[in-house]
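Chain residues, written in single-letter form:
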Amino acid sequence: MQITAILQKCHDLLGQFFDFLRDFYVQMQSVHVDHLERKWINITLLIIGMMVVIITIDAFLHNINPPSKVETIDSARLHLSKEFAESNLGVQLDDKGAIVVRMVAGRYSFFPKHISVPAETKLTFRWVSMDVLHGVHIPMTNMSTMIVPGYVAEITTSFPKPGEYPVLCNEYCGLGHNHMWSNISVIAKEDWKAPSDILASKELSHE
Ligand code: CUA
């Protein structure tokens, strides 16, 4: 019922749009435009069209979503949520072997305080706030986002070189705002061990 109404509406809008284009074309024909000028108009339109096509293809290939992609979470009950329970924070491998890092921002730190990740590897960070609005910025990467209470902020990034990277809060969140930071150790790809491997080697050394 609703779908037919929406389809009808789309049909009407498209009809109006094509009517507009036809009228526009007819009017354009009656205006004298110099041959050379017409050529340049066409070139300009072609370039604009090409850019729109490139942006569209790029968005599809890199899975770029508009900010309207929202994922909500109850910030007051993070410790009870499955995903952001304390034991589930930090670096983890998902079932496809991709690295997912879950971190909680709260006055005045990022938790866990310290994590290790491999360099030159795609990492998906999932951030949530447990109290107020925070921001997260990691210099030398594309990581810069707001962490709005009630929402999950997801960013995919990679660290180009091994080293120590600071994680800074860049939204004023209270008196301790300028002390709100933590750090990430980025380890050469071949030296990095997945958290499950570390656990396994610890168990081995206990034997
Ligand atoms: Cu958290 Cu500023």
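Residues numbered from 1 in each chain as written. Predicted model: local features only at pLDDT ≥ 70, side-chain atom pairs only at ≥ 80, totals over all residues. Heavy atoms only, no water.

Novice: Provide a residue-level description of the nonpolar core, including the pertinent values.
Specialist: In this structure, Phe110, Val117, Phe125, Trp127, Phe159 and Ile184 are the most contacted members of the largest nonpolar core, which totals 28 residues. Put simply, the parts of the chain that give this core at least two residues each are strand E2 (99–106), strand E4 (114–118), strand E5 (123–129), strand E8 (153–157), strand E9 (163–168) and strand E10 (181–187). If you tally residues by element for this core, the top one is E2, at 4 residues. Tryptophan 127 has contacts with Met103, Phe110, Val136, Met143, Ile147, Tyr151, Val152, Ala153 and Val167, leaving out every residue within four places of it along the chain. In terms of nonpolar packing, the next biggest core, distinct from the first, is built from 7 residues, Phe84, Leu89, Val128 and Val152 among them. (Core = buried A, V, L, I, M, F, W, Y, C linked by side-chain atoms within 4.5 Å. Buried < 20%, exposed > 50% of the residue type's maximum accessible area, 1.4 Å probe, protein only. Helix = DSSP H or I, 4+ residues; strand = E, 2+ residues; numbered from the N terminus. Contact = heavy atoms within 4.5 Å.)

Novice: Give me the lowdown on the pattern of salt bridges, citing residues and values where you can.
Specialist: Across all of its chains, the model carries 6 salt bridges by this definition. We note a salt bridge from arginine 102 to glutamate 83, for which the minimum N-O separation is 2.6 Å. Note that arginine 102 is positioned in strand E2 and glutamate 83 in the loop between helix H2 (35–61) and strand E1 (90–93), a separation of 19 residues in sequence. Across the salt bridge formed by glutamate 83 and arginine 126, the nearest N and O atoms sit 2.6 Å from each other. Residue glutamate 83 is located in the loop between H2 and E1, and its partner arginine 126 is located in strand E5; the two are separated by 43 residues in the primary sequence. The exposure class assigned to arginine 126 is buried, which follows from its relative accessible area of 8%. Put simply, Glu71, Glu83, Arg102, Arg126 and Glu154 are held in one network by salt bridges that share partners. (Salt bridge = Lys/Arg side-chain N within 4 Å of Asp/Glu carboxyl O.)

Novice: If you had to explain unusual backbone geometry to someone new, which residues and values would you point to?
Specialist: Here the bond from arginine 107 into tyrosine 108 is cis, since omega is -5°, no more than 30 degrees from zero. Note that tyrosine 108 resides in the loop between E2 and strand E3 (109–111). Cis geometry marks the peptide bond from phenylalanine 111 to proline 112, where omega comes out at -5°. Mapped onto the elements, proline 112 comes out in the loop between E3 and E4. Within the chain, glutamate 120 stands out as a residue other than glycine whose phi angle is a positive 50°. Among the secondary structure elements, glutamate 120 is positioned in the loop between E4 and E5. A positive phi angle, close to 70°, is found at methionine 140, a residue other than glycine.

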